[in-house]
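# Structural characterization, general
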Amino acid sequence: MGFAFTREDLDYLVSGSGLEVLAANDGLVLSAGSLLSDLTRLRRTAGEHAAAVAETIRLRRLAVPKLGEQAAGWLLTDEALQQASPQRVARHRAQRVAGVGMHDVTCSIGSDLFALTAGSPVVVGSDLDPIRARMAAHNLRGTGAGVVVGDALKPVSRGLLAYADPARRTSGGRRITSADTLPSVADLDTAWATRPPVLRVPPGIDYDALARPGEVEVVSLDGSAREAVLWPAEFAQVGRRATVLSSDGPGYGLTDQDPDDVPVADVGRWIVDPDPAVVRSHLVRHFAARHGLWQLDPHLAYLTGDVRPAVGRAFEVLDSAPYRERTVADWLRAADAGTVEIKVRGMDLDPDVLRRRLRPALKGPGSVVRTVVLARVGRGQMAYLTAASPAP
Ligand SMILES: C[S@@+](CC[C@H](N)C(=O)[O-])C[C@H]1O[C@@H](n2cnc3c(N)ncnc32)[C@H](O)[C@@H]1O
């Protein structure tokens, strides 16, 4: 549990003296070793709000790389920062509703709200948590957006398209269902039945089970899946879409309207592991068709081909055989490998246990790395000795 900001802390942080203290101390080290002396120093000017000042300085530093330069002056909580979408992802989402008046009904500290202000003529935010709503109001000052405290399940705006990014419940189970978000997808759809809202949900959610009319867009950033956006019918262009974003490149998109006619055949020169957005949007075959790849098995997310695609993680195949632990150990010894990465798909095998058992076969220098891919192919279990290839 992070630091709990009080109303009084917020009053102080947005006051003239609070702003001055924040500005004068934004270079404080705030390391484990310096924290006590930093707080002692802050107490001289900020008194009882010293810890709130220190926490704000710490969170702003973490927020800027994730949320953008504007976050250098924001008020945040630790949990709200963790929940906020990276600005690159929020901007991509906001572009799809440019020109539309928006109400972010779970706005938290206003990170998605900020992205919406770039293209939407009217932007309103609300959150059940008064501390977060107050922080959002501060963070959005000067943008024209209005923020109030409000329940997402009790619509107060009219004529605006609702957007909700419900919190993730910590239920512990692996399968994420509608009921695992707070508020739930079903409750949000009931509350906003006259104009179904845009919903941002965890990328692992079982969206097929939701059977919600419209489009599902799974978005990843730098190789990790960040969200699934449930676009209502009003905004749907396709059934499923994968959007692969990159911090330093153009990224790409793929939809269920793209061709997906690919054969199933033996392994080629490369094994390709598509981006998680492609896998979670069930567009693996579409990705294969675009890049001239084929499937090793109809149920496997790994693809194969003779030409390394310009995107995705790829592994050059050095050898292959039906899986036997001894064969894999012999391969590693012959390759003079010092490090092994093990990837298992569709087989009941713990890679960590296998890696420990293969340790005696790793006699080479640590810099000689091999990736062993183990996968159920047809009715058999196959092993592939590979070398990971850096992204082109
Ligand atoms: C995942 S966060 C949203 C993050 C936000 N999109 C952003 O840009 O930072 C979920 C938010 O939903 C709020 N929330 C939960 N139940 C709510 C409800 N019934 N009405 C309004 N807000 C609610 C929580 O207080 C929390 O701030």
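Residues numbered from 1 in each chain as written. Predicted model: local features only at pLDDT ≥ 70, side-chain atom pairs only at ≥ 80, totals over all residues.

Looking now at unusual backbone geometry. The phi torsion of most residues other than glycine is negative, and most of the peptide bonds are trans. Residue proline 183 follows leucine 182 across a cis peptide bond; omega there is -5°. In this fold, proline 183 is placed in the loop between strand E6 (181-182) and helix H9 (185-191). For serine 108, which is not glycine, the phi dihedral falls at a positive 50°. With respect to the helices and strands, the residue serine 108 is situated in the loop between strand E1 (102-104) and helix H7 (111-116). One non-glycine residue with positive phi stands out, namely histidine 282, at about 55°. Along the chain, the position of histidine 282 falls in the loop between helix H11 (276-280) and helix H12 (284-291). (Helix = DSSP H or I, 4+ residues; strand = E, 2+ residues; numbered from the N terminus.)

A separate point is the domain arrangement of the protein. In terms of domain boundaries, the protein breaks down into domain 1 (7-78), domain 2 (84-251) and domain 3 (270-389). The straight-line distance from the C-alpha centre of domain 1 to that of domain 2 is 28 Å. Counting residues at the interface gives ten residues for domain 1 and twelve residues for domain 2. Residue classes in the side of domain 1 that touches domain 2 are distributed as six nonpolar, three polar and one charged. (Domains from an automatic or database assignment. Contact = placed C-beta atoms within 7 Å. Nonpolar A, V, L, I, M, F, W, Y, C, P; charged D, E, K, R; others polar.)

Lining the immediate environment of the ligand, one finds 23 residues, of which Thr106, Ser108, Ser111, Asp112 and Ala152 sit closest. Among the secondary structure elements, those contributing two or more residues to the shell around the ligand are helix H5 (78-83) and H7. Looking at side-chain class alone, the shell around the ligand contains twelve nonpolar, five polar and six charged residues. (Near = placed C-beta within 6 Å.)

Of all seven residues in strand E10 (residues 240-246), six are buried; the element is thus mostly enclosed. In this structure, E10 lies alongside strand E11 (residues 249-255), joined through five bridges in antiparallel fashion. Bridge pairing in E11 places arginine 241 opposite threonine 255. Following E10, the chain reverses through two residues before pairing antiparallel with E11. (Buried ≥ 20, exposed ≤ 12 C-beta atoms within 10 Å, placed from the backbone. Pairing = 2+ DSSP bridges.)

It is worth spelling out the pairing of strand E15 (residues 313-322) at this point. Strand direction decides the pairing type here: strand E12 (residues 270-273) and E15, joined by four bridges, are antiparallel. Within E15, the position partnered with valine 272 by the bridge is alanine 314. Bridge count between E15 and strand E18 (residues 380-389): eight bridges; the pairing is antiparallel. Residue proline 322 lies in a different strand from E18, and its bridge partner there is methionine 382.

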